[in-house]
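# Examination of the molecular architecture
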Amino acid sequence: MSPSLGRHFGGRADARKMMEEVNDEQPEIVTHEEVALAEREAMQTSTATPRKDQRSTPSIPAPSPLPSFFASHGAISAEVSSPVSGNSGSPPPTSPSKSEEKAPGLVTPGRGEAPGPMQTPFEASSAIPVSSAPESQALPSLGASQVRGLFEWFSNSNLVHKVVERTRNSVETVITTLDPGMREVIRSGSGIEIMVTSTKENKVAPVREAFQETFSRVRVTGVESQSTTAAQPLGFAAGLKGAEDRIKSLRESRAISDDVTAVSIEGFIVEMFPDRWFEMSCLVLKDPVNQIELETCSQPTPIPIQYILAAQDRTPADYPLRWAGLAVTIGQIIEEDQPHIGRADWQKVLSGVPRRDSLYLAAATLAYMYKQRLPTSFIS
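In what follows, the accompanying structure is described.

Criteria and cut-off values
Residues numbered from 1 in each chain as written. Predicted model: local features only at pLDDT ≥ 70, side-chain atom pairs only at ≥ 80, totals over all residues. Heavy atoms only, no water. Salt bridge = Lys/Arg side-chain N within 4 Å of Asp/Glu carboxyl O. Helix = DSSP H or I, 4+ residues; strand = E, 2+ residues; numbered from the N terminus. Buried < 20%, exposed > 50% of the residue type's maximum accessible area, 1.4 Å probe, protein only. Expected span 1.5 Å × (residues − 1). Contact = heavy atoms within 4.5 Å. Phe/Tyr/Trp six-rings, centres within 6.5 Å; stacked < 30°, edge-to-face > 60°. Axes fitted to C-alpha atoms, helices over the stretch in contact; angles between N-to-C directions. Parallel < 35°, antiparallel > 145°, perpendicular 65-115°, else oblique. Left-handed = near helix turned anticlockwise from the far one by under 90°. Arc of directions from axis to C-beta. Pairing = 2+ DSSP bridges. Core = buried A, V, L, I, M, F, W, Y, C linked by side-chain atoms within 4.5 Å. Nonpolar A, V, L, I, M, F, W, Y, C, P; charged D, E, K, R; others polar.

Right, let's get into the pattern of salt bridges. If you walk through the whole model with that rule in mind, you get 6 salt bridges. Between Glu193 and Arg219 there is a salt bridge; the shortest N-O distance is 3.3 Å. Here Glu193, found in strand 1 (residues 192-196), pairs with Arg219, found in strand 2 (residues 218-222); they are 26 residues apart in sequence, far enough to count as distant. Among the residues examined, Glu193 registers a relative accessible area of 33% and is labelled partly exposed. As a salt-bridge pair, Arg356 and Glu209 come within 2.8 Å of each other at their nearest N and O atoms. Here the residue Arg356 occupies a position in helix 13 (residues 355-373), and Glu209 occupies one in helix 8 (residues 201-214), the gap between them amounting to 147 residues. Residue Arg356 is classed as partly exposed on the basis of its relative accessible area of 35%. Relative accessible area serves as the criterion here: at 30%, Glu209 is assigned to the partly exposed category.

Okay, here's the thing in structure tokens:
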């Protein structure tokens, strides 16, 4: 054989050997039937011989029992039939043991049965029978004596009175701050009635404000009166007599009744220091029903000596009431001397304090003393 032919056959042998090696490495073809059969055998093997490391499913503990509220209105059966049961003629299930008790209203499928549909909370709660409470367990009604005792406790409680009083004062303060004219409407009522022996606003208004600050409900009005003393009283005694005479004249003329509390104001001048004269006002309160009589004076307003001398010169020697004072008032003398100063506000020009303010302070003192002496049943 020629060398070229030997090389030809040798090459073919090597090629055949390489193809056989490749065919040995290719995987064996497996059909679908063989795969299904292998899976079935594997499942049977795993069922028959469970693995040692496989753990059993822990059992769910039974829920806690229902409160006594539900138990008192009727016992709830723990046996609940499965809604998916197919055999209607099957015997009723036996009562479960304590370890297998389930919560009422929950449907537990039996062994080998498909789980039924889940219930909504509304359906589960509507399945629980709730009976109405018996009449014997109803709340006892309060008797008439108990109701009366409750109202008496409220009426006699100081704490309740303080809370109501503070609330009322707060509301009234807000209203009167927004509209000062509402003070007279709110504070005037069927409480205490005060009659002032004058219709001048600079006398009635201070008394009204002072008494309304002290009492919750008070009605203050003014009546015109005439004084029986000198036109300008001189001294404390003359001022006191002039205030008392105004009340006396109104009662005698039946302008005010005998059971009405009256407040009278009388201005007078007094020499408190040598050649130092002052103007003051005497305030008198008389309550004939409770037999209360009070007196006080306003703060003094200094008067220049020239006005006093002018009033003395214009008082005639035969003036019948010269013992009680002068025939011309100090306000009239000041108005004639300085026309730009009115007769009503000369105290403010001379001292910086209007007469209305000084009367308010004196009336506030009078109202406080009057409240301290009144019986508690009259104080509202």
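Let us now look at helix 9 (residues 236-252). Spanning 17 residues, helix 9 covers 24 Å between terminal C-alpha atoms, matching the ideal 24 Å at 1.5 Å per step. Of the positions making up helix 9, those classed as buried are Ala238, Gly239, Gly242, Ala243, Asp245, Arg246, Ile247, Leu250 and Arg251. Where helix 9 is buried, its residues touch strand 3 (232-233), strand 4 (261-273) and strand 5 (276-287). A positive backbone phi angle near 60° is found at Arg254, which sits one or two residues after helix 9.

A separate point is the packing of aromatic side chains. Considering all chains together, one arrives at 4 aromatic pairs under this definition. Of the aromatic side chains, those joined through ring pairs into one cluster are Phe211, Phe215 and Tyr370.

At their nearest, the axes of helix 8 and helix 13 sit 8 Å apart, and the two run at 40° to each other. Here helix 8 lies oblique to helix 13, going by the angle between them. The hand of the helix 8/helix 13 crossing is right-handed. Across the interface between the two elements, Asn202, Lys203, Ala205, Pro206, Val207, Glu209, Ala210, Phe211, Glu213 and Thr214 from helix 8 touch Arg355, Arg356, Leu359, Tyr360, Ala363, Ala364, Ala367, Tyr368, Tyr370 and Lys371 from helix 13.

Three or more residues of helix 10 (residues 305-313) are buried, namely Tyr307, Ile308 and Ala311. Each buried residue of helix 10 lies within a common arc of 100° when the element is viewed along its axis, so the set occupies one face. Of the surrounding elements, those touching the buried residues of helix 10 are strand 4, strand 5, strand 7 (301-303), strand 8 (325-326) and helix 11 (330-337).

Here we take up the environment of Ile330. Checked against the element boundaries, Ile330 lands in helix 11. When the C-alpha atoms of Ile330 and Glu279 are compared, they prove to be 8.8 Å apart, with 51 residues separating the residues in sequence.

On to the pairing of strand 6 (residues 292-297). Covered by surrounding structure in strand 6 are Ile292, Leu294 and Thr296 only, the residues Glu293, Glu295 and Cys297 on the alternate face being uncovered. Pairing analysis gives 6 bridges linking strand 5 to strand 6, with the strands arranged antiparallel. Its bridge partner being in strand 6, Lys286 is matched across the sheet by Glu293.

A few words now on the nonpolar core. Membership of the largest hydrophobic core comes to 23 residues, with the highest contact counts inside it found for Ile194, Val207, Phe211, Phe215, Leu285 and Tyr370. Contributions of two or more residues to this core are made by strand 1, helix 8, strand 2, strand 4, strand 5, strand 6 and helix 13. Ignoring anything within four residues of it in the chain, the contact list for Val207 reads Val196, Val220, Val263, Ile265 and Ala363.

By the element assignment, Thr296 lies in strand 6. Setting aside its immediate chain neighbours within four residues, Thr296 contacts Ser281, Cys282, Leu283, Ala362, Thr365, Leu366 and Met369.

Right, let's get into the packing of helix 10 against helix 11. Packed helices, taken two at a time, are described by their axes: the angle between them and the distance between them. Interhelical geometry of helix 10 versus helix 11 gives an angle of 110° and a closest axis separation of 9 Å. The angle between helix 10 and helix 11 falls in the class roughly perpendicular. Contacts between helix 10 and helix 11 involve Tyr307, Ile308, Ala310 and Ala311 from the first element and Ile330, Ile333, Ile334 and Asp337 from the second. Across the contact of helix 10 with helix 11, the residue classes tally to 7 nonpolar, no polar and 1 charged.

To continue, consider the pairing of strand 1. Of all the 5 residues making up strand 1, 4 are buried; the element is thus mostly covered by neighbouring parts of the structure. One ladder, built from 5 bridges, connects strand 1 with strand 2; its direction is parallel. Along strand 2, the bridge assignment pairs Ile194 with Val220. With 3 bridges connecting them, strand 1 and strand 4 associate as parallel partners. Across the sheet, Val196 pairs through a bridge with Val263, a residue of strand 4.

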